[in-house]
Amino acid sequence: MIPLLDLQAQYRSIKKEVDDSIHKVLDSQYFIMGESVKDFEKEVNRYTKANHSLGCASGSDALLLALMAIDIEPGDYVITSPFTFFATAGAISRLGAIPIFIDIEHHSFNIDPEKIREFLEGESDLAKKLQIPIEKIKAIIPVHLYGQMADMDPIMEIAKEYDLFVIEDAAQSIGSKCKGKDAGTIGDFGCFSFFPSKNLGAYGDGGLITVKNDALAEKTNILRLHGAKPKYHHKYVGINSRLDAIQAAVLSVKLKYLNEWSQRRNEIAHLYNSLFQESGLVSEYEGCSECESHSSCEFPDGKIVLPKETTGAPEENGFHIYHQYTVRVKNRDGLSEFLDSEKIGNAVYYPVPLHIQECFSDLGYAAEDCPNAVCASRTAISLPIFPELADEQVKEVARKISQFMS
Ligand SMILES: Cc1ncc(COP(=O)(O)O)c(C=O)c1O
């Protein structure tokens, strides 16, 4: 049995340090916004080289707080990716605003900056169909999916041109780099999740927001504390969203190992790549115009499409932290069933893109508005990857997949 992720192996390797750190909080009986939270915020600030780091209750709240800090309100629009976890768009909708889903690049799984530009220039079919007043579009949330950053340079250029805020959804990407810059420090805000399965995972929920601008950092800080400053004097209608002191104590221990862990994930990904290359089953994929009808889709049959390092490529001064190692195959569901039967962990992130989710059906999207997201949702499958995974296990997974494919 090879699991998708083995958190127990990780805990065993750092048990004493983590237990001591939790006990320190228990001894202090200081559970809300105590020293452990302040220390962890400082450590993340150093790690990411951000201007400000503010802990909060989850990655979902980090997104919500960032949107609240820039006064997103009902009737506003925010551009984001259709191929992400629901929370990215959920945060927009919770404020009464409306997500605009712009398709992803088929090779990186991240939002396509060129398509954002075409949309804002009113030239894309989607722009013509939705007819959104441009002055109502307030921000872009690029998502750094699977541990690789979206192409931030063109996104920042477009944001400057159209006067839009940029909120990086870095929930899956702490420690990843694009042109030498850290995830979460290029846009106005960076939103991180410490959900247990993340590369830096807490023992419960947790999140953090990095903020560039001093005034917005101050406002975000107040918003996470019911909008009060000083206590019981409410400047804004905020929320209760703080990073738990016990979680911060756990995360401080884990942060020290994060680079080592990310390096090992990166190594495992490259080992998978070379094993699949050796199997002769690898194919390139250049996108497809027929993905809505998967049966006639041009996706190469019987072949594996490997994840591409784009912004994460070392020659681009990038780093991919491989939160997920995700390959693509035409018969994805068949492969998933086969791996289940072989007791090899696998997961589909994400089987339904957001633009065609039932809860967004009133927004007027059709599947073909984001064809690359639809294709990814039908072909992507994530394989076991975690720092403690042994080379032998990686070889076994690759061998079984090659057996199935051929
Ligand atoms: C891309 C993305 N955005 C947002 C979130 C939300 O984070 P959380 O689960 O901590 O609320 C997640 C994590 O699950 C995520 O993967």
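All values derive from a computational prediction rather than experimental measurement. (Residues numbered from 1 in each chain as written. Predicted model: local features only at pLDDT ≥ 70, side-chain atom pairs only at ≥ 80, totals over all residues. Heavy atoms only, no water.)

Colleague: Before we go on, may I ask you to explain the overall build of the protein in this structure?
Modeller: Looking only at helices and strands, the protein has 13 helices and 11 strands in total. For the protein, the C-alpha radius of gyration of 21 Å lies close to 22 Å, the compact-globule estimate for 406 residues. Expressed along its principal axes, the backbone C-alpha trace of the protein runs to roughly 65 × 55 × 40 Å. When burial is assessed residue by residue, the protein has 57% of its 406 residues classed as buried. Considering only contacts within the protein whose residues lie at least 6 apart along the sequence, 71% involve residues at least 24 apart. Per element, the accessible surface of the protein, about 17,000 Å² overall, is 51% carbon and sulfur. Averaged over its 41 positive side-chain charges, the protein has a centre that lies 6 Å from the centre of its 59 negative ones. (Helix = DSSP H or I, 4+ residues; strand = E, 2+ residues; numbered from the N terminus. Rg over C-alpha atoms; globule rule 2.2 N^0.38 Å. Buried < 20%, exposed > 50% of the residue type's maximum accessible area, 1.4 Å probe, protein only. Contact = heavy atoms within 4.5 Å. Areas by Shrake-Rupley, 256 points an atom, 1.4 Å probe, with all protein chains shown as cover. Lys, Arg positive; Asp, Glu negative; His and termini not counted. Charge placed at Lys NZ, Arg CZ, Asp CG, Glu CD.)

Colleague: Explain the pairing of strand E2 (residues 77-80) here, please?
Modeller: The side chains of a regular strand alternate, first on one face of the sheet and then on the other. Neither face of E2 is open: one carries Tyr77 and Ile79, the other Val78 and Thr80, and all of them are buried. The pairing of E2 with strand E3 (residues 98-101) spans four bridges and is parallel. Note on E3: the bridge partner recorded for threonine 80 is phenylalanine 101. In terms of handedness, the path from E2 via helix H4 (residues 87-94) over to E3 forms a crossover that is right-handed. (Pairing = 2+ DSSP bridges. Right-handed = clockwise from strand over helix to strand, strands pointing away.)

Colleague: Explain the sheet that holds E3 here, please?
Modeller: By definition, the strands of a sheet pair up through backbone hydrogen bonds, in either a parallel or an antiparallel sense. The sheet built from seven strands is open, its strands ordered E1-E9-E8-E5-E4-E2-E3 with mixed pairing. In this open sheet, the two edge strands, each paired with only one partner strand, are strand E1 (52-56) and E3. Adjacent strand axes in the sheet meet at a mean angle of 25°, parallel and antiparallel pairs treated alike. Of the strand pairs in this sheet, strand E5 (residues 165-169) and strand E8 (residues 189-193) are connected by three bridges, and their pairing is parallel. Bridge pairing links aspartate 169 to cysteine 191 in E8. The strands that helix H2 (residues 35-48) touches are E1, E8 and strand E9 (207-211); relative to E1, the one it contacts most, it runs at about 135°. (Axes fitted to C-alpha atoms, helices over the stretch in contact; angles between N-to-C directions.)

Colleague: Quick question: what am I supposed to make of the packing of helix H5 (residues 113-120) against helix H7 (residues 152-161) here?
Modeller: Geometrically, a packed helix pair is captured by the angle between its two axes and the distance between the axes. Orientation of H5 relative to H7, taken along the N-to-C sense of each, is 20°, at an axis distance of 9 Å. Here H5 lies roughly parallel to H7, going by the angle between them. As H5 packs across H7, the resulting crossing turns out to be left-handed. For the pair H5 and H7, contact is made by Pro113, Ile116, Arg117 and Leu120 and by Pro154, Ile155, Glu157, Ile158 and Glu161, respectively. When its residues are assigned to classes, the contact of H5 with H7 shows six nonpolar, no polar and three charged. (Parallel < 35°, antiparallel > 145°, perpendicular 65-115°, else oblique. Left-handed = near helix turned anticlockwise from the far one by under 90°. Nonpolar A, V, L, I, M, F, W, Y, C, P; charged D, E, K, R; others polar.)

Colleague: I would appreciate a short explanation of the side chain of arginine 224 in the present structure.
Modeller: Mapped onto the secondary structure, arginine 224 falls in the loop between helix H8 (214-223) and helix H9 (245-255). Within polar-contact distance, the side chain of arginine 224 engages the side chain of asparagine 221 at 2.8 Å. In this structure, arginine 224 is in contact with Met33, Glu41, Leu54, Gly55, Leu65, Ile239, Asn240, Ser241 and Arg242, ignoring residues within four places of it in sequence. (Polar contact = N/O pair within 3.5 Å; in protein donor to acceptor, adjacent residues only side chain to side chain.)

Colleague: Honestly, the pattern of salt bridges in this entry has me stumped. Any pointers?
Modeller: If the charged atoms of two oppositely charged side chains come close together, the side chains can form a pair. Enumeration over the complete set of coordinates arrives at 23 salt bridges. Measuring nitrogen to oxygen at the nearest pair gives 3.8 Å for the salt bridge that ties arginine 117 to glutamate 121. Ionic pairing is found between lysine 129 and aspartate 369, a salt bridge with its closest N-O pair at 2.6 Å. One end of the pair, lysine 129, is in helix H6 (residues 125-130); the other, aspartate 369, is in the loop between helix H11 (332-341) and helix H12 (371-379), and 240 residues separate them in sequence. When its relative accessible area of 40% is taken as the criterion, lysine 129 is described as partly exposed. Bridged by salt links that share partners, the residues Lys49, Lys177 and Asp182 form one connected network. (Salt bridge = Lys/Arg side-chain N within 4 Å of Asp/Glu carboxyl O.)

Colleague: Sorry if this is basic, but what is going on with the site of the ligand here?
Modeller: Around the ligand sit 16 residues, and of these Gly59, Ser60, Asp169, Ser193 and Lys198 come closest. Between the ligand and serine 60 there is a distance of 2.5 Å, counted from an oxygen atom to a side-chain nitrogen or oxygen. Taking serine 193, its side chain carries an N or O atom lying 2.7 Å from an oxygen atom of the ligand. In the complex, 93% of the free accessible area of the ligand, which totals 390 Å², lies under the protein chains. Elements represented by at least two residues in the shell around the ligand include exactly helix H3 (59-69) and H4. (Near = heavy atom within 4 Å.)

Colleague: It is not clear to me how the environment of tyrosine 272 should be interpreted in this structure. Could you clarify?
Modeller: Of note, tyrosine 272 is situated in helix H10 (residues 258-279). Residue classification places tyrosine 272 among the buried positions, given a relative accessible area of 0%. C-alpha separation for the pair tyrosine 272 and leucine 223, spaced 49 residues apart in sequence, amounts to 44 Å. Contacts of tyrosine 272, omitting those with residues within four sequence positions, involve Tyr325, Leu383, Pro384, Leu389, Val394 and Val397.

Colleague: When you look at the domain arrangement of the protein in this model, what are you seeing that I'm missing?
Modeller: For interface size, the figure often reported is the accessible area lost on association. Examined at the domain level, the protein breaks down into domain 1 (7-255) and domain 2 (259-405). Each partner contributes to the interface: domain 1 provides 48 residues, whereas domain 2 provides 44 residues. In total, about 3,800 Å² of surface goes out of reach between domain 1 and domain 2, with carbon and sulfur atoms giving 59% of it. Of all residues in domain 1, His106, Tyr146 and Asn199 bury the most surface against domain 2, accounting for 20% of the area lost on that side. Here domain 1 is connected to domain 2 by one salt bridge. Breaking the side of domain 1 that touches domain 2 down by element, the ones donating at least two residues are helix H1 (7-28), H4, E3, H6 and strand E6 (177-178). The dominant element in the side of domain 1 that touches domain 2, judged by the number of residues it contributes, is E3, at four residues. Its residues assigned to classes, the side of domain 1 that touches domain 2 comprises 23 nonpolar, 16 polar and nine charged. (Domains from an automatic or database assignment. Buried area = accessible area lost by both parts, 1.4 Å probe.)

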